[in-house]
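# Structure assessment
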Amino acid sequence: MSENAPRPFIAKIIDFNPARKNAAEAANIPENLRVFVADKRQYPFNIAKHFPNGVSWFSPDQPWFFRSIMSDPNQVSYVNKSDTLILSGSGMSAYHFQEGNYDTFKSEDVEYLRTTQEIVRNQLGAGKWVLGICFGGQVAVGAVGGRIGRLPTKDNGQTVTEAGWLDQTLTDAGKADPIFAQLPETFFAPHLHSDYVAELPKVGDAIETSSGKITIIKAEKLAVRKGYLDSEGLKDTDTEFIQASVIEFDNGAKLYQIQPHPEMSTADKANFLVRQNPWIAKEMGNTYYEHAKTIPLDADFSVSKIITNFTEQARNSLEKKQQVTFLRSVIAQNLEQFIPYLLP
């Protein structure tokens, strides 16, 4: 392939879900595939099915589990060479990571998350775009100076977990944003979180990267939700909780963050995260849990377009910046081998 020939747009997904299948649960999965599908949320597959044509996201020698990446300098190098970066959700707490409360982390994971934040800054320093979903968005916003909050602790000693098919409203900035403008003013999406982005970094802040300093020129809320859903109902309705945001830099890079899960916004996956985490019933009550599993028959799944829109816009931006041409045709990646091992 010549230097100027069209090439695939390389999207790197990093999976932060630490809940993996044990040996017995993964016994039916071929050993060479376990690193990709032996987990209990399978974020990468659900993210990638929303990619437009021409996107390369899978290579058998490049795992997407964060521990496999961050522990291997060669894998980190692959990530740094990608054209865009998408960070998944997780059962870990970005708030506890921010606050230095490391008791719930494996010791090596703390360093891996620091490496992740360095990668985010370097991607942005290279003028590339980053999308962070739920935990991934929190860690990414924290990497450039934002702050993460945590929902209150209930009387039973458990932190509130906001879960289910919940609403959020576009701000004026969201209505004008090229990624979010196609959504209804009030849109619904699957939630499962206790942490949230509490503050965006300030415009004018300079961020150190491997390519030099970059400066934040825009930091806007794109969608908000008034209050949070507890087992007793909606609380703290005077507070606007950030559900999506964009942070733009003077070199053309953008960081998009979204709190709910657009990758799960399909008819078959809308309550997947709730179904996979029955502990919600114990911590929040069975009534709350059953309600969280309920998806309206007329549900609008258009929030899934966020992933498609983001990827298309990130590709267009990098084409202009690097004066390259990316393919728009279908790319064969031999993913059929994974289908028997995906969770319903």
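One structure accompanies this document, and this report is about it. (Residues numbered from 1 in each chain as written. Predicted model: local features only at pLDDT ≥ 70, side-chain atom pairs only at ≥ 80, totals over all residues. Heavy atoms only, no water.)

### Some thoughts on helix 4 (residues 73-81)
The set of residues buried in helix 4 consists of Gln-75, Val-76 and Val-79. Along the long axis of helix 4, the arc covered by the buried residues comes to 100 degrees, so they all point the same way. Projecting away from the buried face of helix 4 at angles above 90 degrees are the exposed residues Pro-73, Asn-74 and Lys-81. The secondary structure elements touched by the buried residues of helix 4 are strand 1 (9-14), helix 3 (66-70), strand 3 (84-87) and helix 6 (107-125). If you check the start of helix 4, you find a side-chain oxygen 2.9 Å away from the backbone N of Asn-74, and it comes from Asp-72. (Buried < 20%, exposed > 50% of the residue type's maximum accessible area, 1.4 Å probe, protein only. Helix = DSSP H or I, 4+ residues; strand = E, 2+ residues; numbered from the N terminus. Arc of directions from axis to C-beta. Contact = heavy atoms within 4.5 Å. Polar contact = N/O pair within 3.5 Å; in protein donor to acceptor, adjacent residues only side chain to side chain.)

### Some points on empty space enclosed by the protein
This structure, assessed with the given rule, holds 1 cavity of 30 Å³ or more. Approximately 30 Å³ is the volume found for the largest cavity. Gly-164, Trp-165, Pro-190, His-191, Ala-270, Asn-271, Leu-273, Val-274 and Ala-292 together form the lining of the largest cavity. Mapped onto the lining of the largest cavity, the elements with two or more residues apiece are strand 6 (162-170), strand 7 (186-193) and helix 9 (272-275). Across the lining of the largest cavity, the residue classes tally to 6 nonpolar, 3 polar and no charged. (1 Å grid on protein atoms, 1.4 Å probe; cavity = no way out; pocket = protein on both sides within 12 Å on 5 of 7 lines; lining within 4 Å. Points joined across faces, edges and corners; volume = space filled by probe spheres on them. Nonpolar A, V, L, I, M, F, W, Y, C, P; charged D, E, K, R; others polar.)

### Quick notes on the environment of Asn-277
Position of Asn-277 among the secondary structure elements: in the loop between helix 9 and helix 10 (279-284). In sequence terms Asn-277 and Leu-192 are 85 residues apart; their C-alpha atoms lie 9.3 Å from each other. Among the polar contacts made by the side chain of Asn-277, one reaches the side chain of Arg-41 at a distance of 3.3 Å.

### Focus on the nonpolar core
Counting 64 residues, the largest nonpolar core has Phe-51, Phe-180 and Tyr-256 as its most contacted members. Among the elements that line this core, the one with the most residues is helix 12 (residues 305-322), at 5 residues. For Phe-51, the residues in contact, after removing those within four places along its chain, are Ala-11, Ile-13, Trp-57, Ile-86, Ile-307 and Thr-311. Residues Leu-85, Leu-113, Val-120 and Val-130 belong to the second largest nonpolar core, which totals 38 residues. (Core = buried A, V, L, I, M, F, W, Y, C linked by side-chain atoms within 4.5 Å.)

### Observations concerning the packing of aromatic side chains
Inspection of every chain in the model, using the stated rule, returns 25 aromatic pairs. Ring plane angle 90 degrees and centroid distance 5.4 Å describe the contact between Phe-45 and Trp-64, whose orientation is recorded as edge-to-face. On the criterion of sequence distance, the pair formed by Phe-45 in helix 2 (residues 43-48) and Trp-64 in the loop between strand 2 (55-56) and helix 3 is long-range, its members being 19 residues apart. Between Phe-65 and Phe-66 the ring centres are 5.3 Å apart and the planes differ by 85 degrees, which places this aromatic pair in the edge-to-face class. With respect to class, Phe-65 is no different from Phe-66; both count as buried. Among the aromatic residues, those joined into a ring-pair cluster are Phe-36, Phe-45, Trp-57, Phe-58, Trp-64 and Phe-338. If you follow Arg-20 out to its NZ or CZ, it ends over the ring of Phe-65, 3.7 Å from the centre. (Phe/Tyr/Trp six-rings, centres within 6.5 Å; stacked < 30°, edge-to-face > 60°. Lys NZ or Arg CZ within 6 Å of the ring centre and 35° of its normal.)

Remember, this is a structural readout, not a statement about activity or role.
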